[in-house]
Amino acid sequence: MKIGFNRPHFVRALVLAACIAFGGLASAQSDPLPSWNDGPAKKAILDFVHTTTTQGSPNFVPTAERVATFDQDGTLWVEQPMYSQVMFILERVPALVRTKPELAKVAPFSTVLEILKGDRSAIARLTLSDLTKLAGATLSGMPVETFQGEAQKWLAEAKDPRWKKPYTDLTYLPMQEMLKYLRASGYKTYIVTGGGQDFVRAYAEATYGIPPEQVIGTAFGTTYGYGKDGKPFLTKAPKLLLNDNNAGKPEAIHLMIGRRPNMAVGNSIGDQQMLEYTRTGDGARLAMLVLHDDARREYAYGPAQGLPATKVGNFTQPLYDEAQKQGWTVVSMKNDWRKVFAFE
């Protein structure tokens, strides 16, 4: 039996198939947040950007005034089981003890040695004051460029204990998409973190596309001096200048940026004041909190909503209740994110 070939019908079918294929591709490309599931959180982001960047909108924000601030640990990348910078500090203690053997019997340095020998329970004995003391002892006394090089070298070699990948591979893909979307919409994106400012500046541009001048963190002082060749340089000093956590975050935003953010994103009680400060400004404001409720793909901790308690990235039930009361958007990692990491 001879099968006829109807050329016009074939051409129309081919054109229709191409339209469907390219239409689907165009639709996928037009979604700036493909790793976000459709829902209230994604809609809140899209609506906020639309209303603040559309000429004629009552909530329009001029490009020069568009500011979005992000916490880092637990908001942009993994913070469990311990903050990456804390691990960086702890692993520098043995070298310090070799130069000052008397520290081996003095807390918190002796506690760190126990931790590095495998006693993870000893981590619970480290207080915020201990960490500040350890940071001052291990991260000072060197030129700022030397510190930056050592931080970058450590990050290139260190591996997360669960995924066995560099820490810089453990950024959240949905948040990376949001950063790019905001920048494409004329927003300046800032990191506002309790982590060390110089530490985060060592990798923020390569990791997030955020330059060092748009990183605000806990900051220690520097001392100006001259080398043997007469050239000036800065040495990191052990003096704490800024504790960029809790109320320190809005204080630092005012000091370093000079504008109230239009949008702020965090994940713990340390971010509450930044979100409060952001939302009390005029016009459209967006405040978001990431809730870690996905033990399979990442971690589950709170203790909000009955999740396990933690000292790292503490998201309490009162914070959750305040978010509901104030209209802040709570992002469920489990429900709102289609993908968590780019390597999935």
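Anything mentioned here points back to the structure above.
This is a predicted model, so every value here is computed, not measured.

Definitions and limits used
Residues numbered from 1 in each chain as written. Predicted model: local features only at pLDDT ≥ 70, side-chain atom pairs only at ≥ 80, totals over all residues. Heavy atoms only, no water. Buried < 20%, exposed > 50% of the residue type's maximum accessible area, 1.4 Å probe, protein only. Helix = DSSP H or I, 4+ residues; strand = E, 2+ residues; numbered from the N terminus. Contact = heavy atoms within 4.5 Å. Patch = residues over 30% accessible without salt bridge, like charges linked within 9 Å, V, L, I, M, F, W, Y side chains within 5 Å. Areas by Shrake-Rupley, 256 points an atom, 1.4 Å probe, with all protein chains shown as cover. Salt bridge = Lys/Arg side-chain N within 4 Å of Asp/Glu carboxyl O. Pairing = 2+ DSSP bridges. Axes fitted to C-alpha atoms, helices over the stretch in contact; angles between N-to-C directions.

A.B. asks: Help me out: how do you make sense of helix H11 (residues 248–256) in this one?
C.D. replies: Along an α-helix, a turn takes 3.6 residues, which lines up residues three or four apart on a common side. Along H11, the residues classified as buried are Gly 248, Lys 249, Pro 250, Ala 252 and Ile 253. Tucked into the core, H11 has its buried residues touching strand S1 (67–70), strand S2 (188–196), strand S3 (215–226), strand S4 (232–242) and helix H12 (272–279). Where H11 terminates, the next one or two residues include Gly 258, which has phi positive at roughly 85°.

A.B. asks: Help me understand the environment of Glu 65 in this model?
C.D. replies: You can see Glu 65 is positioned in the loop between helix H2 (40–53) and S1. The partly exposed category is assigned to Glu 65, whose relative accessible area is 38%. Remark: the alpha-carbon pair of Glu 65 and Asn 262, spanning 197 residues in sequence, is separated by 8.5 Å. Each residue touching Glu 65, except ones within four places of it in the same chain, is listed here: Arg 259 and Asn 262.

A.B. asks: Looking at this structure, how should I read a nonpolar patch on the surface?
C.D. replies: A surface patch of nonpolar side chains, amounting to about 360 Å² of accessible area, comprises Tyr 224, Tyr 226 and Leu 234. Within the element layout of this structure, Leu 234 appears in strand S4.

A.B. asks: What should I look at first to understand the sheet that holds S3 in this one?
C.D. replies: Whenever strands of a sheet pair, they do so through backbone hydrogen bonds, lying parallel or antiparallel. The strand order across the open sheet formed by seven strands is S4-S3-S2-S1-S5-S6-S7, and the pairing between neighbours is mixed. Lying at the two open borders of the sheet, with one neighbouring strand each, are S4 and strand S7 (329–332). The average undirected angle you get between the axes of adjacent strands in this sheet is 35°. In this sheet, strand S6 (residues 286–291) lies alongside strand S5 (residues 263–266) in parallel orientation, the contact comprising four bridges. Each residue of the ladder has a partner; that of Met 263, found in S6, is Leu 286. Those strands touched by H11 are S1, S2, S3 and S4, and its axis lies near 130° from that of S2.

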